[in-house]
Amino acid sequence: MPSNDYRYTRTKKLLGQILKEMKAVHEGIIQEALAVQKAEGGQIGRVLVRLGHIDEATLMAALGRQAGLETIDLSTVTFTPELIESIDPNTARIFGVVPVRREPGRLVVALSNPQSTAVLDDLRFLTGGEVVGLLASEAQVKEVLERHYGSEGSGMASLVQEAASGVPAAKAARRDGPVDLADAEAMANSAPVIKLLQYILFQAIRDRASDIHLEPFEEDFKIRYRVDGVLYDLEAPPPHLAPALISRVKVMSGLDIAETRMPQDGRIEISIGGRVVDLRVSTLPTMFGESCVIRVLDRGVVSLDITQIGLRANDMETLGRLTKLPHGVVLVTGPTGSGKTTTLY
């Protein structure tokens with residue numbers, strides 16, 4: 001019994017139930033919104049706003065209560081230079097957070113997506129202290145980011161410079177020798193390397209890249225995105241950053257960072273801008289060190305309806321019938337790039 005009680009206390013309340021407790025809606029309105037959601041899709045909160053039953057402030061308050069976050073009006077916050085400098089521009093833009101105030105031993109930040117609270121753990125690591133989250137409207141967070149952090153921030157060049165200075169060339173793993181596990185872990189967990197990789201991933205997802213290539217060559221290290229089938233080069237970091245960046249990818253995907261002479265495959269799930277993005281990681285040993293390819297599977301980019309993915313009429317009918325069965329398995333198979341993940345999404 002105690003274990004069941006614990007499970008139930010950890011279960012998140014439904015948004016409709018919270019709104020009813022707040023006296024914002026009644027059961028009839030919830031049922032109307034559920035019917036619209038079933039017919040048109042979308043999140044129940046957005047459906048209620050679209051129908052005019054609640055406003056944005058009420059929705060934010062309910063989402064905050066559901067996630068266990070208090071809400072804040074950023075127009076009441078005084079953003080001093082010292083406060084703004086507590087989070088660097090690239091980190092603030094990538095995570096979509098802004099610092100609100102400093103308290104003894106902790107930093108309080110505002111975020112616009114109650115489902116992206118996992119970023120607080122990353123901020124704790126990067127800032128080296130406790131980080132507490134509050135919920136603010138997306139429009140206010142975006143306005144503060146543009147006003148105090150600029151649209152581009154310090155960009156790739158400064159992050160590369162910071163990472164290069166934080167990982168001395170002498171510490172880089174040798175391509176033809178044994179891997180020093182302590183050095184590899186230290187490089188992978190270096191804050192500048194983490195920020196640089198986050199920026200690379202953020203840029204790739206923002207530009208709707210399908211793949212990210214991290215490729216060491218004899219004299220340089222190339223980072224390239226594949227967008228619409230074409231590879232585009234990013235600013236090339238110093239070659240000695242290759243082991244650090246690839247080690248960081250391997251740590252995030254749960255691979256063995258000490259193993260550099262065998263191919264490895266892994267997976268990373270990250271949240272950027274409130275969207276969950278799946279990354280498939282593949283590493284391969286080469287003459288000049290490990291190379292890494294990251295396949296980006298962004299569900300937010302997939303906007304096709306199931307009727308638009310090219311299934312024949314009889315296959316659509318079969319699939320519709322199968323998905324209404326109470327149990328069973330549907331196998332979706334095919335070669336790489338044939339559309340399996342798009343079909344599943």
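The rules we used
For every chain, the first residue of its written sequence is number 1, and the numbers climb from 1 along that sequence. At least 70 in pLDDT is required for a residue's local features to be given in this predicted model, at least 80 for side-chain atom pairs to be given and counted, and no such filter applies to totals for whole chains, interfaces and linings, which use all residues. In computing side-chain properties, one takes all heavy atoms of the structure into account and sets aside hydrogens as well as water. By this definition, two strands are paired if DSSP reports at least two bridges between them. Helix and strand labels come from DSSP, where a helix needs a run of H or I of at least four residues and a strand needs a run of E of at least two; each type is numbered from the N terminus. Inter-axis angles, ranging from 0 to 180 degrees, are taken between N-to-C directions of lines fitted to C-alpha atoms, where helices are fitted over the stretch in contact. By definition, residues are in contact when any of their heavy atoms lie within 4.5 Å. The definition of a polar contact used here is a pair of N or O atoms within 3.5 Å, where within protein one atom must be able to donate a hydrogen and the other to accept one, and adjacent residues in sequence count solely through side-chain atom pairs. Residue-level confidence of the predictor is what pLDDT reports, using numbers from 0 through 100. Residue exposure (1.4 Å probe, protein chains only): buried if accessible area is under 20% of the type maximum, exposed if over 50%, otherwise partly exposed. Only residues whose relative accessible area exceeds 30% and that form no salt bridge are eligible for patches; like-charged ones are grouped when within 9 Å, while nonpolar side chains (Val, Leu, Ile, Met, Phe, Trp, Tyr) are grouped when within 5 Å. Using a 1.4 Å probe, the Shrake-Rupley method yields the accessible areas, and only the shown protein chains count as cover for residues. The rule for a salt bridge is simple: a side-chain nitrogen of Lys or Arg has to be within 4 Å of a carboxyl oxygen of Asp or Glu. Multiplying one less than the number of residues by 1.5 Å gives the expected span of a helix. In this description, the arc belongs to the directions extending from the helix axis to the C-beta atoms. The definition of a nonpolar core used throughout is a set of buried Ala, Val, Leu, Ile, Met, Phe, Trp, Tyr and Cys residues joined through side-chain atoms within 4.5 Å. Here a pair means two rings of Phe, Tyr or Trp (six-membered ring of Trp) with centres within 6.5 Å. Their orientation is stacked below 30 degrees between planes, edge-to-face above 60, and tilted elsewhere. A ring has a charge above it when a Lys NZ or an Arg CZ is no more than 6 Å from the ring centre and no more than 35 degrees off the ring normal.

Novice: When you look at the sheet that holds strand S1 (residues 97-103) in this model, what are you seeing that I'm missing?
Specialist: Remark on secondary structure: sheet strands pair via backbone hydrogen bonds, oriented parallel or antiparallel. The strand order across the open sheet formed by three strands is S1-S2-S3, and the pairing between neighbours is mixed. At either end of the open sheet lies a strand with only one pairing partner, and these are S1 and strand S3 (130-135). Neighbour-to-neighbour, the strand axes of this sheet turn through a mean angle of 30°, independent of strand direction. Both S1 and strand S2 (residues 106-111) contribute to a ladder of six bridges, which runs antiparallel. Following the sheet pairing, Val98 is matched in S2 by Ala110. Its contacts with the sheet put helix H9 (residues 138-149) on S1 and S2, and the angle it makes with S1 is roughly 80°.

Novice: Can you help me understand the side chain of Asp278 in this one?
Specialist: As for its placement among the helices and strands, Asp278 is situated in strand S8 (residues 275-286). A polar contact is formed between the side chain of Asp278 and the side chain of Arg280, at a distance of 2.9 Å. When near neighbours in sequence (up to four residues on either side) are disregarded, Asp278 contacts Arg267, Ile268, Arg295, Val296, Leu297 and Tyr345.

Novice: Could you clarify how one ought to interpret the confidence of the model for the chain in this entry?
Specialist: Interpreting fine coordinate detail is not advised for predicted regions of low pLDDT. Across the chain, pLDDT averages 80, with 83% of residues at or above 70. Put simply, helix H1 (residues 2-10) is where the chain has its lowest mean pLDDT, 37, and strand S4 (residues 211-216) is where it has its highest, 93. Here residues 1-10 is modelled with pLDDT under 50, and outside its nearest four sequence neighbours on either side it reaches zero contacts, counting other chains as well.

Novice: Would you mind showing me how to read the environment of Glu130 here?
Specialist: Of note, Glu130 is situated in strand S3. Classification of Glu130 by relative accessible area gives partly exposed; the value is 38%. When neighbours within four sequence positions are excluded, Glu130 is seen to be in contact with Gly105, Arg106, Leu107 and Arg124.

Novice: In this structure, what is going on with the pairing of strand S5 (residues 221-227)? I would like to understand it.
Specialist: On a regular strand, each side chain points to the face opposite its neighbour's, so the side chains alternate between the two faces of the sheet. With five of seven residues buried, S5 lies mostly within the body of the structure. Of the pairings in the sheet, the one linking S4 to S5 comprises six bridges and is antiparallel in character. By the bridge assignment for S5, His213 is matched with Arg224. Remark: four residues form the turn of the hairpin made by S4 and S5, two consecutive strands paired antiparallel. Note that S5 and strand S6 (residues 230-233) share four bridges and pair antiparallel. Counterpart to Tyr225 in the pairing with S6 is Tyr232.

Novice: In this structure, what is going on with a nonpolar patch on the surface? I would like to understand it.
Specialist: A cluster of nonpolar side chains, namely Leu322, Leu325, Val330, Val332 and Leu344, defines an oily patch on the protein surface of about 420 Å² accessible area. Locating Val330 in the fold gives a position in the loop between helix H14 (313-323) and helix H15 (340-344).

Novice: In this structure, what is going on with the environment of Met60? I would like to understand it.
Specialist: Within the secondary structure, Met60 sits in helix H5 (residues 56-67). Classification of Met60 by relative accessible area gives buried; the value is 9%. Distance from Met60 to Pro114, taken between C-alpha atoms, is 8.8 Å for residues 54 residues apart in sequence. Once you skip the residues sitting within four places of it in the chain, Met60 turns out to touch Thr71, Ser112, Leu135, Ala136 and Ser137.

Novice: Would you mind showing me how to read unusual backbone geometry here?
Specialist: A negative phi angle characterises most non-glycine residues, just as the trans form characterises most peptide bonds. Phi is positive for Lys23, which is not a glycine, with a value near 65°. Along the chain, the position of Lys23 falls in the loop between helix H2 (15-21) and helix H3 (27-40).

Novice: What am I meant to see in H9 here?
Specialist: Each α-helix winds once per 3.6 residues, and so residues spaced three or four apart point in a common direction. Compared with the 16 Å implied by 1.5 Å per residue over 12 residues, the 16 Å span of H9 between its first and last C-alpha is a close match. Three or more residues of H9 are buried, namely Val141, Val144, Leu145 and Tyr149. Down the axis, H9 shows its buried residues gathered within 100° of arc, on one side only. Counted as exposed and oriented over 90 degrees from the buried face of H9: Ala139 and Glu146. Elements that come into contact with the buried residues of H9 comprise helix H6 (81-84), helix H7 (89-95), S1 and S2.

Novice: Just checking my understanding: could you explain the nonpolar core for this structure?
Specialist: What tends to happen in soluble globular proteins is that the nonpolar side chains get buried as a cluster. Counting residues in each nonpolar core, the largest one holds 62 residues, and the members touching the most others are Leu74 and Ile212. If you tally residues by element for this core, the top one is helix H12 (residues 191-206), at nine residues. Sequence-distant contacts of Leu74, that is, excluding residues within four places in its chain, are made with Phe79, Val98, Val100, Ala110, Ala136, Gln140, Val141 and Val144. Val36, Ile44, Met60 and Ala62 belong to the second largest nonpolar core, which has 18 residues in total.

Novice: What am I meant to see in the packing of aromatic side chains here?
Specialist: The relative placement of two aromatic rings is captured by the distance of their centres and the angle of their planes. According to the stated counting rule, one finds zero aromatic pairs in the structure shown. Lying across the ring of Phe217, Lys222 places its NZ or CZ 5.3 Å from the centre.

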